[in-house]
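Observations on the model geometry
Single-letter residue listing:
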Amino acid sequence: MQPSKRAQLAIFCTVVVDLLGFGIVIPILPLYAKTLALHPSPWMDWVNQALNLKDSPFVFWAGVVLVIHPIAQFIAAPILGRVSDLVGRRPVLWMSLMGTCAAYLLMAMTGRFEWVLGARVLDGVTGGNISVAQAAMADSSSPQERSKALGIIGAAFGLGFVLGPAIAGILSGSQLGKTMLATHGWHLPFFVAAGMSFFASMLVLIWLPETLGPEARTHARKVQSRGHALVHALKRPGMPQILLIAFLAMTGFAMMEGTYALLCARRFNFSQRGVGYLFAFVGVLIVIYQGGLVRVVAKRIPERVAQLAGLAMMACSLPLIPYAPWEAPFLLVMVPLVWGSGMNQTATSALASQITPKDEQGGLFGVITSMSTIGRIVGPLLGTYTFARFGYAAPYWVAAACLTLGLVVAIGLLRTPAPLPEEDPI
């Protein structure tokens, strides 16, 4: 097997295993935080009184647990990505996976809300594994093949999105899981997620070759070892627009994610199980696109055109979701939304990668992760507010407006200056 193909296969397996753990944790984390917040510490009581949280304060604390992770990741991801430019992808990826493993173990065994918050911060600070994996995938592919290579990461994400929640449900309802929870207060799904992250870290040590050459690492230390990766990225022609598109696209998609269960419950009276099946359907669509169709799109459609098409598909499909009748129309309208999102994400990442030197790829994907993370914070907050204030259809119109604005920015990106060279002379 060619070294580049071996590296891509190793990265894919690593990301799949890690995202299975992520998929296991996310569905049960809000419920876990809610349970802990029902018995608040004195400082939590003070916050409840200060914010006048008389009705269901545990909902607020569940939101805190969810939001604290992307905030920490927003700060740390560009730094971790830049460190990977300086020392290599392999050690940073291993370290981030071990940090995630430690965070899951802490959540599995603690019974205090403060430790859960600390674990989420730890996971956010060290959780730059996806951005570093993207950089490693970019290292092992040519600029012309970058969209297809980055699509492999998307396929791994889709698999974790499909299988993880199902595994979480099985583990939580198993006799062993119930016994561990009743006897020790331990949560079996978190232990399994920790084990998967540890296994992924071992895959990195045993199987993954270093994808960033010593010359590139030396050049990164010599030329641009100072400064935040965001500052370097914003200096490149066209990069501010690309980062704005990444933020707007993720904000719009996250508004849908944050209100989708509420919409289905309001319109169709769906239970958690029914919503879970719908999210699994979305995961299958992600796998179909990122695992196969992305290769066809990358081969036949230039990245800039694919970016425009993806944004347009999302902008047109989002307003249809609140009105599409069950069953076939409602499911079918998700196809252009999910595939358009995948088309835009891979094209945007590929365009950014193509105008960034090899020794700054890690920092670049860290910055893109940070911009997407902001979207994942803003989107659910804005979506739930507009849902409560203006009705269940409002978030989808606002999300479509975000995507339309991103489309306008992308059209302007067609006239940006020529990209800088792949590398500056050493």
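Worth saying up front: this structure is predicted, and the values here are computed from it rather than measured.

1. Focus: the side chain of serine 41
With respect to the helices and strands, serine 41 occurs in the loop between α1 (3-37) and α2 (42-50). At 2.6 Å, the side chain of serine 41 and the side chain of glutamate 114 are in polar contact.

2. Concerning the nonpolar core
Grouped together as the largest cluster of nonpolar side chains are 51 residues, with contacts concentrated most on Ile11, Met107, Phe113 and Phe190. Elements supplying a minimum of two residues to this core: α1, α2, α3 (57-87), α4 (89-109), α5 (113-126), α6 (129-139), α7 (146-173) and α9 (188-207). Broken down by element, the residue count for this core peaks at 16 residues, all from α1. Ignoring anything within four residues of it in the chain, the contact list for isoleucine 11 reads Ala133, Ala136, Met137, Ile153 and Leu208. In terms of nonpolar packing, the next biggest core, distinct from the first, is built from 47 residues, Ala138, Phe253, Tyr260 and Ala324 among them.

3. Focus on the confidence of the model for the protein
For the protein, the average pLDDT comes to 79, and 84% of its residues sit at 70 or higher. Confidence drops under a pLDDT of 50 for residues 417-426, and excluding neighbours within four residues, the segment shows 18 contacts in the predicted structure.

4. A look at the packing of aromatic side chains
For the structure on display, the rule yields five aromatic pairs. Ring geometry for tryptophan 186 against phenylalanine 191: centres 5.8 Å apart, planes inclined by 65°, an arrangement best described as edge-to-face. On the basis of relative accessible area, tryptophan 186 is assigned to the partly exposed category, the value being 31%. Judged by centre distance (5.1 Å) and plane angle (80°), the ring pair of phenylalanine 268 and phenylalanine 330 falls under edge-to-face. In this pair, phenylalanine 268 is assigned in helix α12 (residues 239-268) and phenylalanine 330 in helix α15 (residues 328-332), connecting sequence segments 62 residues apart. Here phenylalanine 268 matches phenylalanine 330 in class, with each residue buried. Cluster of aromatic residues (ring-pair linked, three or more members): Tyr260, Phe268, Trp326 and Phe330.

Conventions and cut-offs
- Each chain carries its own residue numbering, running from 1 in the direction its sequence is written.
- Predicted model: local features are reported for residues with pLDDT of at least 70 only, side-chain atom pairs are reported and counted for 80 or more only, and whole-chain, interface and lining totals are derived from all residues.
- By convention in this description, side-chain values take in all heavy atoms of the structure and omit both hydrogens and water.
- A run of H or I in DSSP counts as a helix once it spans at least four residues, and a run of E counts as a strand once it spans at least two, with each numbered from the N terminus.
- Polar contacts here mean pairs of N or O atoms no more than 3.5 Å apart (in protein, one a potential hydrogen donor and the other a potential acceptor; neighbouring residues in sequence count only if both atoms are side-chain atoms).
- Put simply, buried Ala, Val, Leu, Ile, Met, Phe, Trp, Tyr and Cys residues joined by side-chain atoms within 4.5 Å make one nonpolar core.
- The buried label applies to any residue whose accessible area, calculated with a 1.4 Å probe on protein chains only, is under 20% of its type's maximum; exposed applies above 50%, and partly exposed to all values in between.
- Every residue pair with non-hydrogen atoms within 4.5 Å of one another is taken to be in contact.
- What pLDDT expresses is the predictor's confidence in each residue, scored from 0 to 100.
- Stacked, tilted and edge-to-face pairs are distinguished by plane angle, under 30 degrees for stacked and over 60 for edge-to-face with tilted covering the rest, among Phe, Tyr and Trp rings (Trp via its six-membered ring) whose centres lie within 6.5 Å.

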